[in-house]
Amino acid sequence: MPAEIGEVALVLFSGGQDSTTCLAWALTNYARVETIGFDYGQRHGVELTQRPIIREKLAGLDTDWRESLGEDHVIDLRVLGEISDTAMTRDVEITTNEKGLPSTFVPGRNIMFLTFAAAVAYRRDIKHIVGGMCETDFSGYPDCRDDTIKALQVALNLGMESRFVLETPLMWRDKAATWALADELGGHALVNIIIEHTHTCYLGERGERHEWGYGCGLCPACELRARGWREWRSAA
Ligand code: ZN
């Protein structure tokens, strides 16, 4: 929902396609925007090195965006990588477990991310926390569901005696609609930044440049991104 002028947002910004689109959305809708990222020992640690590059590129697109873009907070959550045994934090095959969850699911990840983001937002007196969670075209992650986020909003507000609003602009968009939203927010220039600089591939592969960006082209994250791209292009 569009915010009132003067409001501040904290964006969960990983350096991927979704969170970059969320950052552009927040820069369009809020007077001031800060970003937060997490180092949790992810195999695709390359996304962390892409973050400052993408922030700088977005600021270069629009003078209002440059003025709105505030501090970046990088939080060390490597303890999450130490306690979880997943294909995102260990060199194991991407499979599906007996609960139907992919082995790339990191239990507690989004819950921890949003909790730490709220702790930073509390300190910085920020009301709006923006995340790229999506229930429509998700990878089966239960912590991306709208109900999980809404329940967490209630828990955080009760537990911190606050009135945070967790904003999820991508919740009901599929990947094709996420590409379309980027185009709407920043045109070809933004779409090109997403193609060239954002990172989605689970394997951290940046060797081959496809029309939708860099990645192995085969892992579930690459497949989703590529499929969304093709659907958006064929509808355009
Ligand atoms: Zn990949």
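Refer to the structure presented above.
Trainee: Would you take a moment to explain the overall build of the protein for this structure?
Mentor: Of regular secondary structure, the protein possesses eight helices and seven strands. Relative to the 2.2 N^0.38 estimate, which gives 18 Å for 236 residues, the radius of gyration of the protein is 17 Å and therefore close to what a compact globule would have. Considering only C-alpha atoms, the protein reaches an extent of 45 × 40 × 30 Å along its principal axes. Buried positions account for 54% of the 236 residues belonging to the protein. A fraction of 67% describes how many contacts in the protein between residues 6 or more apart in sequence connect residues 24 or more apart. For the protein, the computed accessible surface area is about 10900 Å², with 51% contributed by carbon and sulfur atoms. One way to put it: in the protein the 24 positive side-chain charges average out to a point 1 Å from where the 35 negative ones average out.

Trainee: In this structure, what is going on with helix 2 (residues 46-59)? I would like to understand it.
Mentor: The periodicity of an α-helix, 3.6 residues per turn, causes residues three or four positions apart to be oriented the same way. Its 14 residues give helix 2 an end-to-end C-alpha distance of 21 Å, which sits within 8% of 20 Å, the value for a rise of 1.5 Å per residue. Where helix 2 bends most, at Pro 52, the angle is about 30°. Taken together, the buried positions of helix 2 are Glu 47, Gln 50, Arg 51, Ile 54, Arg 55, Leu 58 and Ala 59. For helix 2, the elements touching its buried residues are helix 1 (17-29), strand 2 (32-39), helix 3 (63-68), strand 3 (69-76) and helix 7 (175-197).

Trainee: How do you make sense of helix 5 (residues 109-124) when you look at a structure like this?
Mentor: Compared with an ideal rise of 1.5 Å per residue, which puts 16 residues at 22 Å, helix 5 spans 22 Å between its outermost C-alpha atoms and is within 8% of the ideal. Taken together, the buried positions of helix 5 are Arg 109, Asn 110, Phe 113, Leu 114, Ala 117, Ala 118, Val 120 and Ala 121. Looking straight down helix 5, one finds its buried side chains confined to an arc of 165°; they lie on one side. Opposite its buried face, helix 5 presents the exposed residues Tyr 122 and Arg 123, each directed more than 90 degrees away.

Trainee: Help me out: how do you make sense of the sheet that holds strand 1 (residues 8-12) in this one?
Mentor: Ordered in space as 3-2-1-4-5, the five strands form an open sheet in which the pairing is parallel. Looking at strand neighbours, the two that pair on one side only are strand 3 and strand 5 (165-167), the edges of this open sheet. With strand direction ignored, the average angle separating the axes of adjacent strands in the sheet is 25°. With five bridges joining them, strand 1 and strand 2 adopt parallel strand pairing. Opposite Val 8, over in strand 2, you have Arg 32 as the bridge partner. Set on the sheet, helix 1 makes contact with strand 1, strand 2, strand 3, strand 4 (128-130) and strand 5; between it and strand 1 the angle comes to about 175°. Packed onto the sheet, helix 5 meets strand 1, strand 2, strand 3, strand 4 and strand 5 and runs at close to 140° relative to strand 2.

Trainee: Looking at this model, I keep getting lost on the packing of aromatic side chains. Mind explaining?
Mentor: The description of an aromatic ring pair uses the distance of the two centres, along with the angle that the planes make with each other. What the rule picks out here adds up to six aromatic pairs. Relative to Trp 232, the ring of Trp 229 lies with its centre 5.6 Å away and its plane at 70°, an arrangement referred to as edge-to-face. Residue Trp 229 and its partner Trp 232 are both found in helix 8 (residues 220-235); the two are separated by three residues, about one turn of the helix. Of the two residues examined, Trp 229 and Trp 232, each falls in the buried class.

Trainee: For this particular structure, what's the right way to read the packing of helix 5 against helix 6 (residues 146-160)?
Mentor: The axes of two packed helices give the description: the angle between them and the distance between them. Between helix 5 and helix 6, the shortest axis-to-axis distance is 11 Å and the interhelical angle comes to 40°. In terms of axis orientation, helix 5 runs oblique to helix 6. Between helix 5 and helix 6 lies a crossing whose hand is right-handed. Listed contacts from helix 6 to Asn 110, Ile 111, Leu 114, Thr 115, Ala 118, Ala 119 and Tyr 122 of helix 5 are Ile 149, Leu 152, Leu 156 and Met 160. When grouped by side-chain class, the residues that make up the contact of helix 5 with helix 6 number nine nonpolar, two polar and no charged.

The rules we used
- Residues numbered from 1 in each chain as written.
- Predicted model: local features only at pLDDT ≥ 70, side-chain atom pairs only at ≥ 80, totals over all residues.
- Heavy atoms only, no water.
- Helix = DSSP H or I, 4+ residues; strand = E, 2+ residues; numbered from the N terminus.
- Rg over C-alpha atoms; globule rule 2.2 N^0.38 Å.
- Buried < 20%, exposed > 50% of the residue type's maximum accessible area, 1.4 Å probe, protein only.
- Contact = heavy atoms within 4.5 Å.
- Areas by Shrake-Rupley, 256 points an atom, 1.4 Å probe, with all protein chains shown as cover.
- Lys, Arg positive; Asp, Glu negative; His and termini not counted.
- Charge placed at Lys NZ, Arg CZ, Asp CG, Glu CD.
- Expected span 1.5 Å × (residues − 1).
- Bend = angle between axes of the 7 residues up to and from the residue.
- Arc of directions from axis to C-beta.
- Pairing = 2+ DSSP bridges.
- Axes fitted to C-alpha atoms, helices over the stretch in contact; angles between N-to-C directions.
- Phe/Tyr/Trp six-rings, centres within 6.5 Å; stacked < 30°, edge-to-face > 60°.
- Parallel < 35°, antiparallel > 145°, perpendicular 65-115°, else oblique.
- Left-handed = near helix turned anticlockwise from the far one by under 90°.
- Nonpolar A, V, L, I, M, F, W, Y, C, P; charged D, E, K, R; others polar.

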